[in-house]
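The primary structure of each chain is shown beneath.
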Amino acid sequence: MPGVVVYDKRMLVPHSGRRMVISALRWASIGAGVRVDLLLNRIMQLFIATEGNSEMKKNDHLDLYHQMVLIRRVEERAAELYQQGKIGGFLHLYIGQEAVSTGLVAARQPQDRMITAYRDHGVAINVGIPAEQVMAELLGKATGISKGKGGSMHMADVEKNFWGGHAIVGAHLPIAAGMALGDQYAGNDGVTICMFGDGATNIGFFHEGVNLSKVWDLPVLWVCENNQYGMGTTIDRASAVSEIRQKAEGYGIPNERVDGMNVMEVREATLKALEFIRSGKGPYFMEIMTYRYRGHSMGDPERYRDSGEVKKWQESDPIGIYRAYLTKEKIAKEKELDAIDESVEGEIQTAVQFAESSPEPAPEELFTNVYAE
Amino acid sequence: MREAISQAIWEEMERDERVFIMGEEVGVWGGTYAVTKGFYDHFGSKRVRDTPIAEAAIVGGGIGAAMVGMRPIAELMTINFAFVAMDHIVNQAAKMRYMFGGQMSVPLVIRAVGGGGRQLGATHSQTPDVIFAHFPGLKVVAPGTPYDAKGLLKSAIRSDDPVMFIEHSTLYQTRGEVPEDEYTVPIGKSKIQRPGKDVTIVTYSKMLDISTKAADQLAKEGIEAEIVDLRSLRPLDMDPVLESFRKTNRAVIVEEGWRSYGVGSEISSRIYEEAFDYVDAPIKRVAQTEVPLPYNQALEQSALPQVEDVVKAVKEVL
Ligand SMILES: Cc1ncc(C[n+]2csc(CCOP(=O)(O)OP(=O)(O)O)c2C)c(N)n1
Ligand SMILES: [Mg+2]
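The structure displayed is predicted, hence computed values, not measured ones.

Basis of the calculations
Residues numbered from 1 in each chain as written. Chains lettered and ligands numbered in written order. Predicted model: local features only at pLDDT ≥ 70, side-chain atom pairs only at ≥ 80, totals over all residues. Heavy atoms only, no water. Helix = DSSP H or I, 4+ residues; strand = E, 2+ residues; numbered from the N terminus. Buried < 20%, exposed > 50% of the residue type's maximum accessible area, 1.4 Å probe, protein only. Areas by Shrake-Rupley, 256 points an atom, 1.4 Å probe, with all protein chains shown as cover. Lys, Arg positive; Asp, Glu negative; His and termini not counted. Charge placed at Lys NZ, Arg CZ, Asp CG, Glu CD. Contact = heavy atoms within 4.5 Å. Buried area = accessible area lost by both parts, 1.4 Å probe. Salt bridge = Lys/Arg side-chain N within 4 Å of Asp/Glu carboxyl O. Polar contact = N/O pair within 3.5 Å; in protein donor to acceptor, adjacent residues only side chain to side chain. Near = heavy atom within 4 Å. Nonpolar A, V, L, I, M, F, W, Y, C, P; charged D, E, K, R; others polar. Domains from an automatic or database assignment.

Caption draft 1: Broad picture of the overall build of chain B. A tally of regular secondary structure across chain B gives 12 helices and 12 strands. Projected onto its principal axes, the C-alpha positions of chain B cover 55 × 45 × 40 Å. Here chain B, with 318 residues, has 58% of them falling under the buried criterion. Roughly 12300 Å² of accessible area belongs to chain B as shown, and the carbon and sulfur atoms make up 50% of that amount. Taking the average place of the 35 positive charges on the side chains of chain B and the average place of its 44 negative ones, the gap between the two points comes to 1 Å.

Structure, rendered in structure tokens:
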């Protein structure tokens, strides 16, 4: 009996009505299996607790909650700035999918690399790029994380082991395999966590990259963010199998479906997957079920879905679910979470101010970074 | 121009049952650039086919269907994604007829949107037209006016050869006259879009617009530029270019792509080869600065050829 867990834009919904969604019920295909999985997870974690640092303290939880709210607000502000003509090009928002990147990054070790597609603002925030630098990049300013030369789709911070935002669908999958090859070759124990959409699993790159990873048992965690659509095309209209994880099955890679609206489940599944890969058993594949609330990018007429479908998903909002979990488990009080919501408002304001008052890149910047020398 | 392209496809689909269109978001969405809006409802899912994000399959599938007698239009959402399908365009479509001694034809149109200037970043802003024009066996067409877009696209669909049809994303909004009556424009014919006597500007696609604006400015100063629109990069029709050059003895070549190994290099060598005696000044090239295009608007615009660049180049050759 799943309850309704919304996270209203202005936090006006009475919190008492929120209940934790039993996410396993949402996808009949995984059914009760996930519950067992979860239990096993918990038990496993007791063993790996020290090494995998899976135990979360209150502050860790508040930090994750903060990240998710920050992503949501950055995206909402970005949408406004786009409408005001301050952001140009393509803008793909992460709203609705926050729990995916947040759970993944929460489970990784510093040596684990992140790489994703153009829907990259979430990862950028999660790995710790300040909202200022994200905003500045969106506005194309010199202070942006890519110096204003990349824009929304091309954020990266190599120091934080975040290897980008990539705008050609699927192109970064073979690259991820290559990064994992590099780590394997050098004897590093890092895992490359590669995120991509459901639509990306239909392009040749996907198959070549995933196959190679298994042939060479590369330390890569494949993460398909299944938000049900590649632009306006539903999975069943574009993919021969609508359970994407079956594609991993075809390449002999262990795989599972994960509830992407529940950050704790994403984190737990990721911890387990990373452990598996780190033990030298080769790649692992997660299909994370999620949904984007907004259009594919700004200006999408959304003729392919009705608003009822979006509303239904908004009723199991990832931030709402996490909030409900934190209060129900008495990890945090409503008031504390409200305080975070409020502090994020201030952060966003600072970030936008920073971005707007930052200088444009100098004209000479046009010619820098074309070649190493 | 959007309307003109849309009409061409619509009319050809009405005319010939073998014509169908496939590509990403061409159906339910109505085309990412709204070119196929309303097609899905009218022609149905058999003839307006949404594909997975799989460019090699879109072009490869188009080639196969064309080989067995269909006349498919394969739409690539943008020309930047053609690189994913490069083997099929270059090694398959372009060579199929020749390699098998003329036994096979590939009557395929690959439509692709190209061009920069929309702050889409380096991977989504390219004008790589010349790359495709490099390969014998392909025809490469890139119209600059709605009239030519419609007429050329019709010819492309009726052509028995594979045609790369390149639409510039910032030209969709442009207006121009398109006759009610049926007409086609032949592939491989350049055209004088504006007569003049002082200098020859050779250009095509979006840069026709930029060059026309430059010519307007120059006209105010009493300089009459003649504009030759190539319209097709392969086959390349040099006749109007040479004819014009023999009259003006001066030329500026304007293209949106990068300068090195570009359209300007090709046209200027051909002029030097064929009309050396008529050269009164070194031929100038106006092209994109040799960097990947940045996201920042001011930087991006500074890298793209502007009206002032054309005006300046013309004054240098005069
Ligand atoms: C090779 C290539 N083809 C087409 C596109 C245009 N395009 C951008 S995003 C997208 C849909 C991708 O869907 P999915 O992988 O599910 O990711 P999502 O947008 O849902 O996060 C398409 C077709 C592209 N960027 N690259
Ligand atoms: Mg998707």
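Still more ground to cover, so stick around.
Caption draft 2: Spatial organisation of the interface of chain A and chain B. Contacts between the two partners involve 41 residues from chain A, matched on the other side by 30 residues from chain B. At the boundary of chain A with chain B, total buried surface from both sides reaches about 2800 Å², with 68% on carbon and sulfur atoms. The tally of links from chain A across to chain B stands at 1 salt bridge. A salt bridge links Arg237(A) to Asp50(B), with the shortest nitrogen-to-oxygen separation between them at 2.6 Å. At the junction of chain A with chain B, the criterion picks out 10 residue pairs in polar contact (both at pLDDT 80 or more). Counting residues per element, the ones that place at least two in the side of chain A that touches chain B are helix 5 (131–138) and helix 8 (235–238) of chain A.

Caption draft 3: View of the site of ligand 1. Neighbouring residues of ligand 1: 22 residues in total, closest Tyr118(A), Arg119(A), Gly199(A), Asn227(A) and Glu55(B). In this structure, ligand 1 is bordered by residues of chains A and B. Contact between ligand 1 and Ala200(A): an oxygen atom at 3.0 Å from a main-chain N or O atom of the residue. In the model, an oxygen atom of ligand 1 is placed 2.8 Å from a nitrogen or oxygen of the Asn227(A) side chain. Residue classes in the shell around ligand 1 are distributed as 12 nonpolar, 6 polar and 4 charged.

Caption draft 4: Looking closely at the side chain of Ser358(A). All names here are of chain A. Counting through the fold element by element, Ser358 comes out in the segment after helix 13 (334–357). Among the polar contacts listed, one links the side chain of Ser358 to the backbone oxygen of Phe354, at a separation of 2.7 Å. Beyond its immediate chain neighbours, meaning those up to four positions away, Ser358 contacts Lys141 and Thr143.

Caption draft 5: Looking closely at the pattern of salt bridges. A full pass over the atoms with the stated rule returns 45 salt bridges over all chains. With a closest N to O distance of 3.0 Å, Arg73(A) and Glu76(A) form a salt bridge. Of this pair, Arg73(A) and Glu76(A) both sit in helix 2 (residues 58–83), separated by 3 residues, roughly a single helical turn. Residues Arg73(A) and Glu76(A) agree in their burial class; the two are buried. Between Arg77(A) and Glu80(A) there is a salt bridge, and its shortest N-O distance comes to 2.7 Å. Of this pair, Arg77(A) and Glu80(A) are both found in helix 2, 3 residues apart, which corresponds to roughly one turn of the helix. Residues participating in the shared-partner salt-bridge network are Glu11(B), Glu12(B), Arg15(B), Lys150(B), Lys154(B), Arg158(B) and Glu182(B).

Caption draft 6: Representation of the domain arrangement of chain B in the model. All names here are of chain B. You can read the domains of chain B as domain 1 (2–168) and domain 2 (191–317). Domain 1 puts 28 residues into the contact, and the matching count from domain 2 is 28 residues. Across the interface of domain 1 and domain 2, roughly 2100 Å² is buried in total on both sides, 53% from carbon and sulfur atoms. Summed over the shared surface of domain 1 and domain 2, the number is 2 salt bridges. Across the pair Asp148 and Arg231 runs a salt bridge whose closest N-O atoms are separated by 2.9 Å. At the boundary of domain 1 with domain 2, the tally comes to 16 residue pairs in polar contact (both at pLDDT 80 or more).

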